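Take a look at the letters that make up each chain.
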Amino acid sequence: MSDVRNENNLVDIKNLKQYFNVNVGFFKSKPLKAVDDVSFSIKRGETLGLVGESGCGKTTVGRTILNLYKPTSGEIWYDGKLIKSPESIKEFRKKATMVFQDPYSSLNPRMTVSDIIAEPLDIHNMYKTKEERRDRVLQLMEYVGLNSEHASRYAHEFSGGQRQRIGIARSLAVNPEFIVCDEPVSALDVSIQAQVINMFDELQEKLGLTYLFIAHDLLVVRHISDRIAVMYLGKMVELADAETIYNRPLHPYSISLLSAVPVPDPKIARANKRVVLKGDIPSPLNAPSGCPFRTRCPYAKEDCALSMPQFKEVEKGHFVACHHIEDVNA
Ligand SMILES: Nc1ncnc2c1ncn2[C@@H]1O[C@H](COP(=O)(O)OP(=O)(O)O)[C@@H](O)[C@H]1O
Ligand code: SF4
Ligand SMILES: [Mg+2]
């Protein structure tokens, strides 16, 4: 990726690594490379979708960007500033937040809706009077389509979809610019997923938000994302405009993910290349040498075991990490 900073970028991630030390026996530990040398940017006002199978490192990317985990190495730049010093992290925390995957475990069931939503305001001293606090809570509830009568009720009284709305209102409390949405609809009934995604879309318009929108399913991010990044075993393997990822993915892993997505028009389905994977995803504790995808890739050759392919811009705005793009897409 180019080193010259683009003014339109709100977030710039450079060579981010997050290794966890895990015990593998008596007094023995090993680094688990949850995120391994990932670089990308997010433009102001855009939604970058981040997809990949469970365990590939999506949540860790999100949490590390927000400095909920200290990065093992690499840089996080926000609005042109390096987020590293305690002061820069403190400032950044007011501008960037997260919406969590599970609305059941992320909200305290014994707190009222009003106190849950106001907690970040309390922490950051963001009001002067009780009335101001109440008015802000009501405004936030309105943003997410919750009735003001719900304010004094308890989180456990609500359905999954409504709880997720409470969680979103809470995330909006500090008036953030950037939100990491970590599979915010995965735990919800399919029937309400679309409603909640549309709400994210409307909030983005209204409040000028920028999203990193994580999902394990390409269908979920299709409509909300401007661009989509695909991860596999701690690495980013492809990044392009959402439409390009859907219509002309180049990495065999992205092609395989897309093969699993049902296509309504059978003519398009036939035109799409299909890649069926062998075996299971390896453990990140024993990641293959070279290209991490090689144990499942139908196109793997000897050199795939020797070196990790570079994440290269193969056409404008389209990045792919594969040694044999020509063969895959012949
Ligand atoms: N705090 C942690 N300590 C040790 N390993 C972790 C921790 N968090 C995540 N992992 C491991 O890192 C890998 C990536 O996890 P995660 O980021 O949660 O993936 P995803 O969100 O894509 O499902 C997994 O192998 C997971 O077990
Ligand atoms: S580098 Fe080799 S193993 Fe990796 S995706 Fe490309 S062809 Fe497959
Ligand atoms: Mg996750």
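Shown above is the structure to which this text applies.
Computed from a predicted model, the values in this text were never measured in an experiment.

Participant: So what's going on with the site of ligand 2? Residues and values would help.
Facilitator: Near ligand 2 there are 13 residues, and of these Cys291, Cys297, Cys304, Cys322 and His323 occur at the shortest range. The residue inventory of the shell around ligand 2, partitioned by class, reads nine nonpolar, three polar and one charged.

Participant: I'd like to hear about helix H2 (residues 86–95), residue by residue, with values.
Facilitator: Owing to its 3.6 residues per turn, the α-helix brings residues three or four apart onto one side. Buried residues of H2: Ser88, Ile89 and Phe92, and no others. Down the axis of H2, the buried set is contained in an arc of 100 degrees. They therefore lie on one face. Set apart from the buried face of H2 by more than 90 degrees, the exposed residues are Pro86, Glu87 and Lys90. The inward-facing, buried residues of H2 contact helix H1 (58–65), strand E4 (73–78), strand E5 (81–82) and strand E6 (96–99).

Participant: An account of the site of ligand 1 is needed here, citing residue identities and associated values.
Facilitator: Every one of the 14 residues lining ligand 1 counts as a neighbour, but Gly55, Gly57, Lys58, Thr59 and Thr60 are closest to it. Within the backbone of Gly55, an N or O atom sits 2.6 Å from an oxygen atom of ligand 1. At a separation of 3.2 Å, an oxygen atom of ligand 1 approaches a polar backbone atom of Cys56. Bound to the protein, ligand 1 loses 67% of the 560 Å² it would expose on its own.

Participant: Got a sec to walk through the packing of helix H5 (residues 160–172) against helix H6 (residues 190–207)? Specific residues and values, please.
Facilitator: Put simply, H5 and H6 touch, their axes get as near as 11 Å, and they point 20 degrees apart. Overall, the two elements H5 and H6 adopt an arrangement that is roughly parallel. Note that H5 runs across H6; the crossing there is right-handed. Touching Gly161, Arg165, Ile168 and Leu172 of H5 are Ile192, Gln195, Val196, Met199, Phe200, Leu203 and Leu207, all from H6. Residue composition of the contact of H5 with H6, by class: eight nonpolar, two polar and one charged.

Participant: Quick rundown of the pairing of E6? Include the residues and the values.
Facilitator: Burial along E6 is two-sided: Ala96 and Met98 and Thr97 and Val99, pointing in opposite directions, are all buried. Pairing between E6 and strand E7 (residues 178–182): four bridges, direction parallel. Note on E7: the bridge partner recorded for Ala96 is Phe178.

Participant: Can you break down the pairing of strand E9 (residues 227–232) residue by residue, with the values?
Facilitator: Counting buried positions over the six residues of E9 gives six, a clear majority of the element. Of the two faces of E9, the one holding Arg227, Ala229 and Met231 and the one holding Ile228, Val230 and Tyr232 are both buried throughout. Direction of pairing for E9 relative to strand E10 (residues 235–241): antiparallel, over a ladder of six bridges. Paired with Ile228 across the two strands is Ala240, which belongs to E10. Here E9 folds back onto E10, and the loop between the two strands holds two residues, one of which, Leu233, carries a positive phi near 50 degrees.

Participant: Quick rundown of the packing of aromatic side chains? Include the residues and the values.
Facilitator: Any pair of aromatic rings gets described here by the distance separating the centres and the angle formed by the planes. Summed over all chains, the structure comprises ten aromatic pairs. When the centroid spacing of 6.4 Å and the interplanar angle of 40 degrees are considered together, the rings of Tyr78 and Phe178 count as tilted. Here Phe178 lies in strand E7 and Tyr78 lies in strand E4, a separation of 100 residues in the sequence. Just as Tyr78 is buried, Phe178 falls in that class too. One aromatic cluster in this structure is built from Tyr78, Phe92 and Phe178. Over the ring of Tyr69 we find Arg63; its NZ or CZ atom is 5.3 Å from the centre of that ring. Here the guanidinium or amino end of Arg222 rests over the ring plane of Tyr246, the centre of that ring lying 4.3 Å away.

Definitions and cut-offs
- Residues numbered from 1 in each chain as written.
- Chains lettered and ligands numbered in written order.
- Predicted model: local features only at pLDDT ≥ 70, side-chain atom pairs only at ≥ 80, totals over all residues.
- Heavy atoms only, no water.
- Near = heavy atom within 4 Å.
- Nonpolar A, V, L, I, M, F, W, Y, C, P; charged D, E, K, R; others polar.
- Buried < 20%, exposed > 50% of the residue type's maximum accessible area, 1.4 Å probe, protein only.
- Helix = DSSP H or I, 4+ residues; strand = E, 2+ residues; numbered from the N terminus.
- Arc of directions from axis to C-beta.
- Contact = heavy atoms within 4.5 Å.
- Polar contact = N/O pair within 3.5 Å; in protein donor to acceptor, adjacent residues only side chain to side chain.
- Areas by Shrake-Rupley, 256 points an atom, 1.4 Å probe, with all protein chains shown as cover.
- Axes fitted to C-alpha atoms, helices over the stretch in contact; angles between N-to-C directions.
- Parallel < 35°, antiparallel > 145°, perpendicular 65-115°, else oblique.
- Left-handed = near helix turned anticlockwise from the far one by under 90°.
- Pairing = 2+ DSSP bridges.
- Phe/Tyr/Trp six-rings, centres within 6.5 Å; stacked < 30°, edge-to-face > 60°.
- Lys NZ or Arg CZ within 6 Å of the ring centre and 35° of its normal.

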